[in-house]
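Structural overview
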Amino acid sequence: MTDTTTKTKPSGHTYEPVDGRLLDVEDLHVEFHTEEGVARAINGVSFHLDQGESLAILGESGSGKSVTAQAIMGILDMPPAVIPQGSIRYCGQDLLTMPDEQRRHVRGPEISIIFQDALSSLNPVFPVGWQIAEMFRTHRGMNKSDALDQAVRLMERVQIPAARDRVKAYPHQFSGGMRQRIMIAMAIALDPAVLIADEPTTALDVTVQAQIMSLLQELQEERQMGLILITHDLGVVADVADRIAVMYAGRLVEKANVDELYASPAHPYTRGLLESIPRLDQKGQTLAAIGGLPPNLMRIPPGCAFNPRCRMARDVCRTDVPPLREVAPGRLSACHFAEEVLDA
Ligand SMILES: Nc1ncnc2c1ncn2[C@@H]1O[C@H](COP(=O)(O)OP(=O)(O)OP(=O)(O)O)[C@@H](O)[C@H]1O
């Protein structure tokens, strides 16, 4: 007989993907209404994410990567944020119109996020094991000792040495890399279908960055999660990501699979990013290969937002917004002259 008393599926989730599709973000717009004016942070962003797939969202500081993640997670401060248009469907259900109560079952347990700064995300006054265990107590109704056992197993899975002995240690007693592993443990504790990693390794040194990325990749493959990697540094995510979406001034300017984008970018901005070795995370720093700075989001230039910095810009670029269009099989670019960029 069919159980009509519970909506929970065999995965433990309330929702199941249809044909493997987890997320569908369509024509998303986000504005910030401030005293100085309206900052148009996201201007019509669309992308999807399937089960077991890794999507990297790449762009300079201020391009709208984190705001996109926050909109998906429902953690934008509204106001000042306003979402005037668009939808974010999770397993076919629009998170933007879903009642709060229903949304609480999704955001966290089914779609989870890790941030760059583990120290400010962890509670300094509670032992890390307790913080992980609390997830199992609150959401799975486990008793204290089972929840702590489960926390130890998870700490072992994210390769925290001597996990059983360190379950009672506090966040400040761990290194930056170990704290990020603890954040990952908390983020995957409830077996989310989607994991968003917002600059997960930016604060870490290069060796630790690589270890954290390979841990994320292992977990993603093991659990068949959909993974969104937000980054300013393509080098860090290139081995893990399947597809890349490049953002500029709140729009996607290029979408491609990672190898093709690396081999031959189809947008001058992407090409500039690939040619720029330096620190894209340093706000206000010019990219060597591009020059200039991203626009003020309260005064995005007409036409292509990238035109003031683009060496290829012509008249049409200053008047007409280039649509994101297919410029080669599976390759999308929002450049009037994408074919020329590809051939270059
Ligand atoms: N609370 C806010 N109030 C006003 N404007 C905001 C707010 N949060 C974000 N913005 C605007 O949205 C823009 C995009 O921010 P976002 O954090 O998404 O950029 P990002 O690409 O993730 O860069 P970063 O790596 O610096 O976080 C910001 O430059 C800012 O103009």
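Everything that follows concerns the structure shown earlier in this document.
These remarks concern the structure in this document.

Criteria and thresholds
Position labels on residues start from 1 in each chain and follow its written sequence. Local features are withheld for residues below a pLDDT of 70 in this predicted model, meaning they are given only at 70 or higher, and side-chain atom pairs are given and counted only at 80 or more; totals for whole chains, interfaces and linings count all residues. Note that water and hydrogens are dropped before the side-chain values are worked out from all heavy atoms of the structure. The rule for a salt bridge is simple: a side-chain nitrogen of Lys or Arg has to be within 4 Å of a carboxyl oxygen of Asp or Glu. A run of H or I in DSSP becomes a helix once it reaches four residues, and a run of E becomes a strand once it reaches two; helices and strands are each numbered from the N terminus. The classification of residues rests on relative accessible area computed with a 1.4 Å probe and restricted to protein chains. Under 20% of the type maximum is buried, over 50% is exposed, and intermediate values are partly exposed. Centres within 6.5 Å make a pair out of two Phe, Tyr or Trp rings, where for Trp the six-membered ring is used; the pair is then stacked when the planes are under 30 degrees apart, edge-to-face when over 60, and tilted otherwise. We call a charge positioned over a ring when the NZ of a Lys or the CZ of an Arg lies within 6 Å of the ring centre and within 35 degrees of the ring normal.

What follows is about the pattern of salt bridges. Scanning the model with the defined rule gives 19 salt bridges in all. Notably, a salt bridge pairs Glu 218 with Arg 157, separated by 3.1 Å at the nearest N-O pair. Remark: Arg 157 occurs in helix 5 (residues 144-157) and Glu 218 occurs in helix 8 (residues 206-223); sequence separation between them is 61 residues. Here Glu 340 ties to Arg 314 by a salt bridge, and the two come within 2.6 Å at their closest N and O atoms. One end of the pair, Glu 340, is in helix 12 (residues 338-343); the other, Arg 314, is in the loop between helix 11 (268-275) and strand 11 (325-328), and 26 residues separate them in sequence. Exposure remark for Glu 340: the relative accessible area of 38% places this residue in the partly exposed category.

Enumeration according to the criterion identifies 4 aromatic pairs in this entry. Measuring from ring centre to ring centre gives 5.1 Å for Tyr 248 and Phe 306, while their planes differ by 80°; the resulting arrangement is edge-to-face. Of this pair, Tyr 248 sits in strand 9 (residues 243-248) while Phe 306 sits in the loop between helix 11 and strand 11, and the two are 58 residues apart along the sequence. For the pair Tyr 248 and Phe 306, a shared accessibility class is recorded, and that class is buried. Feature note: the residues Tyr 248, Tyr 269 and Phe 306 constitute an aromatic cluster, connected by ring pairs. Positioned above the aromatic ring of Phe 337, the side-chain terminus of Arg 314 is 3.8 Å from the ring centre.

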